[in-house]
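Here's the letter readout for the chains.
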Amino acid sequence: QVQLVESGGGLVQAGGSLRLSCAASGSIFSINAMGWYRQAPGKQRELVAIITSGGSTNSADSVKGRFTISRDNAGNTVYLQMNSLKPEDTAVYYCNAILRTGITTPVINYWGQGTQVTVSS
């Protein structure tokens, strides 16, 4: 069993900052990548940022220069530092992990429960 526990969402004024955290725990053999997605009302879920086991990162054009993804040394916790927040960043943010639970098991996508980020104008 694998769990992704998110924290750090909330309400902030435009121009403010928030830091999201996501800790992966349970029967984890290896993690290929962890990332953050978001879904605004009436819109599809979209990638925000991702970091691989090798430390490579990628992020959506809409957040480049404002959001930074990082992870802890163990690689099981991922952070999303969000600066210069805009009302259009308002969404439910979901943590994602691509991982194996055993040496012979396939790579599987896991999702957190989501955390609400609301940016007021």
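Summarised in this report is the structure supplied together with it. (Residues numbered from 1 in each chain as written. Predicted model: local features only at pLDDT ≥ 70, side-chain atom pairs only at ≥ 80, totals over all residues. Heavy atoms only, no water.)

Let's talk about the environment of S70
The line we're drawing: Put simply, DSSP marks the helices as runs of H or I at least four residues long and the strands as runs of E at least two long, and each gets a number from the N terminus on. Exposure is judged per residue with a 1.4 Å probe applied to protein chains only, and the accessible area is read against the type maximum: over 50% gives exposed, under 20% gives buried, and values in between give partly exposed.
Following the sequence through the fold, S70 ends up in strand β7 (residues 67-71). The class for S70 is partly exposed, based on a relative accessible area of 29%. Taking the C-alpha atoms as reference points, S70 and V2, 68 residues apart in sequence, are found 21 Å from one another.

A word on the packing of aromatic side chains
We count it as follows: By convention, a stacked pair of Phe, Tyr or Trp rings (six-membered ring in the case of Trp) has centres within 6.5 Å and planes under 30 degrees apart, an edge-to-face pair has planes over 60 apart, and any other such pair is tilted. Any Lys NZ or Arg CZ found within 6 Å of a ring centre and within 35 degrees of that ring's normal is scored as a charge over the ring.
All told, the structure shown has one aromatic pair when counted by the stated rule. Aromatic pair Y37 and W111: ring centres 5.0 Å apart, planes at 70°, arrangement edge-to-face. Placement of the pair is Y37 in strand β4 (residues 30-39) and W111 in strand β10 (residues 108-111), with a sequence separation of 74 residues. Directly above the aromatic system of Y79 lies the positively charged group of R19, at a separation of 4.1 Å from the ring centroid. Stacked on the ring of W111, the Lys or Arg R45 has its end atom at 4.7 Å from the ring centre.

Comments concerning the nonpolar core
Rules: Only buried Ala, Val, Leu, Ile, Met, Phe, Trp, Tyr and Cys residues count toward a nonpolar core, and they belong to the same one when joined by side-chain atoms within 4.5 Å. Contact between two residues is taken to exist if any of their heavy atoms lie within 4.5 Å; hydrogens are not considered.
In this structure, M34, W36, L80, M82 and Y93 are the most contacted members of the largest nonpolar core, which totals 29 residues. With five residues, the single largest contributor to this core is strand β9 (residues 91-100). Excluding residues that lie within four positions of it along the chain, M82 makes contacts with G16, S17, L18, L20, R66, F67, Y93 and V117.

Focus: the state of the cysteines
As a reminder, the rule being used: Criterion for a disulfide: a pair of cysteine sulfur atoms within 2.5 Å.
Counted according to the given criterion, the structure contains one disulfide. Each sulfur in the disulfide pair C22 and C95 lies 2.0 Å from the other. Its torsion about the S-S bond being -80°, the disulfide of C22 and C95 is classed as left-handed. One end of the pair, C22, is in strand β3 (residues 18-26); the other, C95, is in strand β9, with 73 residues separating them in the sequence. Exposure remark for C95: the relative accessible area of 0% places this residue in the buried category.

So, the environment of Q116
To keep it simple, the criterion reads: Polar contacts here mean pairs of N or O atoms no more than 3.5 Å apart (in protein, one a potential hydrogen donor and the other a potential acceptor; neighbouring residues in sequence count only if both atoms are side-chain atoms).
As for its position among the elements, Q116 is in strand β11 (residues 115-120). Sequence spacing of Q116 and A91 is 25 residues, and the spatial spacing of their C-alpha atoms is 6.1 Å. Beyond its immediate chain neighbours, meaning those up to four positions away, Q116 contacts G9, G10, T90, A91 and V92. A polar contact of 3.3 Å, which involves the side chain of Q116, links it to the side chain of T118.

A look at the pairing of β11
Note the cut-off: Whether two strands pair comes down to DSSP finding at least two bridges between them.
Only one face of β11 is buried, namely the one carrying T115, V117 and V119, since none of Q116, T118 and S120 on the opposite face is buried. In terms of strand pairing, strand β2 (residues 10-13) meets β11 through four bridges, oriented parallel. The residue bridging G10 from the neighbouring strand is V117, located in β11.

Structural notes on the pattern of salt bridges
Defined as follows: Salt bridge, as used here, is a side-chain nitrogen of Lys or Arg placed within 4 Å of a carboxyl oxygen of Asp or Glu.
Enumeration over the complete set of coordinates arrives at four salt bridges. The shortest N-O distance in the salt bridge between R38 and D89 comes to 3.0 Å. Remark: D89 occurs in the loop between β8 (77-82) and β9 and R38 occurs in strand β4; sequence separation between them is 51 residues. As far as burial versus exposure is concerned, R38 and D89 are alike and both buried. Across the pair D61 and K64 runs a salt bridge, and its minimum N-O distance is 3.4 Å.

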